[in-house]
Amino acid sequence: MKYYLVAGEASGDLHGANLMKALKKEDPEAEFRYFGGDKMQAEGGTLVKHYAEMAFMGFTEVLLNLRTILTNMKSCKQDIKDWRPDTLILIDFPGFNLKIAGFASANAIPVCYYISPKVWAWNQKRVLKIKKTVDRMFCILPFEVDFYKEWGMEVDYIGNPLLDEKAQFKPAEDFRAKNGLGPDPVVALLPGSRKQEIERLLPDMLDSIESFPEYQFVVAAAPSFNAAYYRQFIGSKNVKLVFAQTYDLLNIAKAAIVASGTATLETALFRVPQVVVYRGGAISVAIARLLVNIKFISLVNLIMNREVVTELIQEDCRPKIIAATLSDILDGKERIKMLEDYAELAGIMGGPGASGRAARLIVDFLDPKPFS
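Residues numbered from 1 in each chain as written. Predicted model: local features only at pLDDT ≥ 70, side-chain atom pairs only at ≥ 80, totals over all residues. Heavy atoms only, no water.

Draft legend 1. Molecular detail of the environment of H15. On the secondary structure map, H15 appears in helix α1 (residues 10-26). Residue class for H15 comes out buried when judged on its relative accessible area of 4%. Separated by 146 residues in sequence, H15 and P161 place their C-alpha atoms 6.4 Å apart. (Helix = DSSP H or I, 4+ residues; strand = E, 2+ residues; numbered from the N terminus. Buried < 20%, exposed > 50% of the residue type's maximum accessible area, 1.4 Å probe, protein only.)

Have a look at this one:
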């Protein structure tokens, strides 16, 4: 069967690649075409557009890049129509993908949504559109099942694909030596994968580390940028870079400063105490505060429904506050409590296998087996 996937950011590329791998096991004749990234491309098929050309953060940024977004959307719709897949698989990225879902549904192309858009966070009435345009919804956060049920929509909870990725992870031999790291304890800096978030968060992260001379700080660098790009922020600071080795970095880290997003949950799954940071455009954040209907921004706190990790948002995202919060989790009772909460989180999340479960459900949906 022919599968068309649309992922618009790094995390979607990761989950899309794992889903493609699982689909090939369920359907050896699988053909793929997609908007995605390097990880999906490594699984085969045809990469139509890279997510690096699509990822824009915040209301203001979307408006400023509206022409590019609309061009991408038009080309995506046309490519789907020309290729005529057996199903369209959308991966998160709701601002773009919900419109693509409407187009596919109108053209009688079955729509599977892998990783529910966060409609529970704001404008919940979007569920009504999802009910009309999405044939199968696969959720990766436990609380999403009850949310959709309240709107009269049955969905499938498949577990979280990050657990698949972590289960497959094998620590690199001599990781420290290969990356020029010494024996001192490591604090990981995860400023995100988008240009806008890196430029807003990395300077504050770097300005917060001066009072920790006994630690070595290492930036988890996104492969879509080069070392020179990061060095303009690092300057003369003794900070190392590692590219495309985030899990190896988390595997040895004592603590981390992490941009809000998927990485907060990954960091928790590696049992690394963390400080979560977020800074957006002033107008975008002001609009978000009016519209968003959630108590937390980090996935860790959302899943646990209480504050497990400290979230430093906007005006609280300052070097002195970041440093003070980091100090609290390097040693002492705050660190112990966070690690205990991480153990509880792991129990809630369950085990790996999300990608395989989603693949089986998609194939069965497209080609239901008759009763014997």
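Now that the structure is up, let's keep going.
Draft legend 2. Highlighting the packing of helix α10 (residues 195-207) against helix α11 (residues 227-234). Where α10 contacts α11, the axes come no closer than 9 Å and their chain directions differ by 40 degrees. Judged by the inter-axis angle, α10 sits oblique to α11. Note on packing geometry: the crossing formed by α10 with α11 is right-handed. Contacts between α10 and α11 pair K195, I198, E199, L202, P203 and L206 from the former with Y229, Y230, F233 and I234 from the latter. (Axes fitted to C-alpha atoms, helices over the stretch in contact; angles between N-to-C directions. Parallel < 35°, antiparallel > 145°, perpendicular 65-115°, else oblique. Left-handed = near helix turned anticlockwise from the far one by under 90°. Contact = heavy atoms within 4.5 Å.)

Draft legend 3. A look at the pattern of salt bridges. Throughout the structure, instances matching the rule amount to 15 salt bridges. D156 is the salt-bridge partner of R136, the closest N and O atoms lying 2.8 Å from each other. In this pair, R136 sits in strand β6 (residues 136-139) while D156 sits in strand β7 (residues 156-157), placing the two residues 20 residues apart along the sequence. Look at R136 and you get partly exposed, because its relative accessible area is 21%. As a salt-bridge pair, D341 and R306 come within 2.7 Å of each other at their nearest N and O atoms. With D341 in helix α17 (residues 333-349) and R306 in the loop between α15 (299-304) and β13 (310-313), the pair connects residues that are 35 residues apart, well separated along the chain. According to the relative accessible area criterion, R306 is partly exposed, its value standing at 29%. Each of the salt bridges in this network shares a partner with another, and the network as a whole consists of R306, K337, D341 and E344. (Salt bridge = Lys/Arg side-chain N within 4 Å of Asp/Glu carboxyl O.)

Draft legend 4. Examining helix α6 (residues 126-133) more closely. What α6 keeps buried is the set R126, V127, I130 and T133. Axial view of α6: buried residues confined to an arc of 135 degrees, hence all on one face. (Arc of directions from axis to C-beta.)

Draft legend 5. Spatial organisation of the pairing of strand β5 (residues 111-114). The side-chain alternation of β5 yields two buried faces, one formed by V111 and Y113 and the other by C112 and Y114. Crossover connection from strand β4 (residues 87-91) via helix α5 (residues 94-106) to parallel β5: handedness right-handed. Both β5 and β6 contribute to a ladder of three bridges, which runs parallel. Looking at β6, one finds that Y113 is bridged to M137. Handedness of the β5-α6-β6 crossover: right-handed. (Right-handed = clockwise from strand over helix to strand, strands pointing away. Pairing = 2+ DSSP bridges.)

Draft legend 6. Main features of the sheet that holds β5. Overall, parallel pairing links the seven strands, which are arranged β3-β2-β1-β4-β5-β6-β7 in an open sheet. Strands at the two margins of the open sheet, each flanked by one partner only, are β3 (46-50) and β7. Pairing geometry for β6 and β7, over two bridges, is parallel. Looking at the pairing, C139 lines up with Y157 of β7.

Draft legend 7. Quick look at α5. Compared with the 18 Å implied by 1.5 Å per residue over 13 residues, the 18 Å span of α5 between its first and last C-alpha is a close match. One or two residues past the end of α5 sits A108, with phi positive at roughly 60 degrees. (Expected span 1.5 Å × (residues − 1).)

Draft legend 8. View of the pairing of strand β12 (residues 274-278). The element β12 is largely enclosed, with a buried count of four among its five residues. Bridge count between strand β11 (residues 253-259) and β12: four bridges; the pairing is parallel. Along β12, the bridge assignment pairs V258 with V276. Between the parallel pair β11 and β12, the chain is carried across by helix α13 (residues 262-269), and the sense of this crossover is right-handed. Relative to β13, β12 is paired through four bridges, and the arrangement is parallel. For V276, the partnering residue across the bridge sits in β13 and is E311.

Draft legend 9. Representation of the sheet that holds strand β10 (residues 239-243) in the model. Sheet architecture is open: six strands sit in the order β10-β9-β8-β11-β12-β13, paired in parallel fashion. In the strand order of this sheet, the two ends are held by β10 and β13, each with one partner. This sheet shows a mean twist of 25 degrees between the axes of neighbouring strands, independent of strand direction. Docked against the sheet, α13 engages β8 (186-190), β11 and β12, running at close to 165 degrees with respect to β11.

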